[in-house]
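Residue-level listing of the chains:
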Amino acid sequence: AMSLHAKVFHLTSESEPSDILFRGDTAKLFGMVGGIALLTLVINAPTCGPLLRKLGLVTPTETRNKVVENYHQHMIQFVLKEYIALLTEERFSNVDFSVVKEHTWLGGITYEQLIRAVKKHKDKSPSDSYTEPNLNNVLPYLSPVGDKITVESG
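Quick caveat: nothing in here was measured; it's all calculated off a predicted structure.

A. Geometry of the packing of aromatic side chains. For the structure on display, the rule yields three aromatic pairs. Judged by centre distance (6.2 Å) and plane angle (85°), the ring pair of Y71 and W105 falls under edge-to-face. One end of the pair, Y71, is in helix α3 (residues 62-87); the other, W105, is in the loop between α4 (97-103) and α5 (111-124), with 34 residues separating them in the sequence. Judged by relative accessible area, Y71 falls into the partly exposed class, the value being 48%. Ring centres of Y83 and F97 lie 6.0 Å apart, and the angle between their planes is 40°; this geometry places the pair in the tilted category. Here F97 lies in helix α4 and Y83 lies in helix α3, a separation of 14 residues in the sequence. A single burial state applies to Y83 and to F97, both of which are buried. Chaining the aromatic ring pairs together yields one cluster made of Y83, F97 and Y141.

B. Just the pattern of salt bridges, in detail. All told, the structure shown has three salt bridges when counted by the stated rule. With its nearest N and O atoms 3.9 Å apart, the salt bridge here joins K81 to E82. Taking the relative accessible area as the measure of exposure, E82 reaches 35% and is therefore partly exposed. The partner of R91 in a salt bridge is E89, with the nearest N and O atoms 2.7 Å apart. On the accessibility criterion, R91 (65% relative accessible area) is exposed.

C. Inspection of α3 at higher detail. Its 26 residues place the ends of α3 37 Å apart at the C-alpha level, agreeing with the 38 Å of an ideal helix rising 1.5 Å per residue. In this structure, the buried residues of α3 make contact with α4 and α5.

D. Representation of the nonpolar core. Membership of the largest hydrophobic core comes to 17 residues, with the highest contact counts inside it found for F97, L106 and V138. Listing elements by their share of this core, those giving two or more residues are α3, α4 and α5. It is α3 that contributes the most residues to this core, six residues altogether.

Parameters and conventions
- Residues numbered from 1 in each chain as written.
- Predicted model: local features only at pLDDT ≥ 70, side-chain atom pairs only at ≥ 80, totals over all residues.
- Heavy atoms only, no water.
- Phe/Tyr/Trp six-rings, centres within 6.5 Å; stacked < 30°, edge-to-face > 60°.
- Helix = DSSP H or I, 4+ residues; strand = E, 2+ residues; numbered from the N terminus.
- Buried < 20%, exposed > 50% of the residue type's maximum accessible area, 1.4 Å probe, protein only.
- Salt bridge = Lys/Arg side-chain N within 4 Å of Asp/Glu carboxyl O.
- Expected span 1.5 Å × (residues − 1).
- Contact = heavy atoms within 4.5 Å.
- Core = buried A, V, L, I, M, F, W, Y, C linked by side-chain atoms within 4.5 Å.

Listed below in structure tokens is the structure:
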């Protein structure tokens, strides 16, 4: 409707009386289409949520829960990989892990995950340019709890 209105406005001139009628008709058409779109939103918006709940389409399925958990695990691994890469740079040598874990996905990493990420980083880095990550500010927050080593709150 908007493009039709613009096209009619462009093709018609104000000197012809019939052209002014065409301009008025396109303005009415534009108003009607906009009104119908607004009415559709006003009616559909409040009713779609209850309708979807009634049909049972918003309850999470087992598959969706698995996908979300898989995504969560991938994000933890990605953030850990990037964190290890940043720890190889001198400018990040004094970063406190307690602050990092509060603001990232790294709050629940284990010692084993950290060591695995360091090994992957070493394997994927070129041997001539590999720099060992500075873990001095990370390891104090990892301590044994039973047989498992987990992140302590600092």
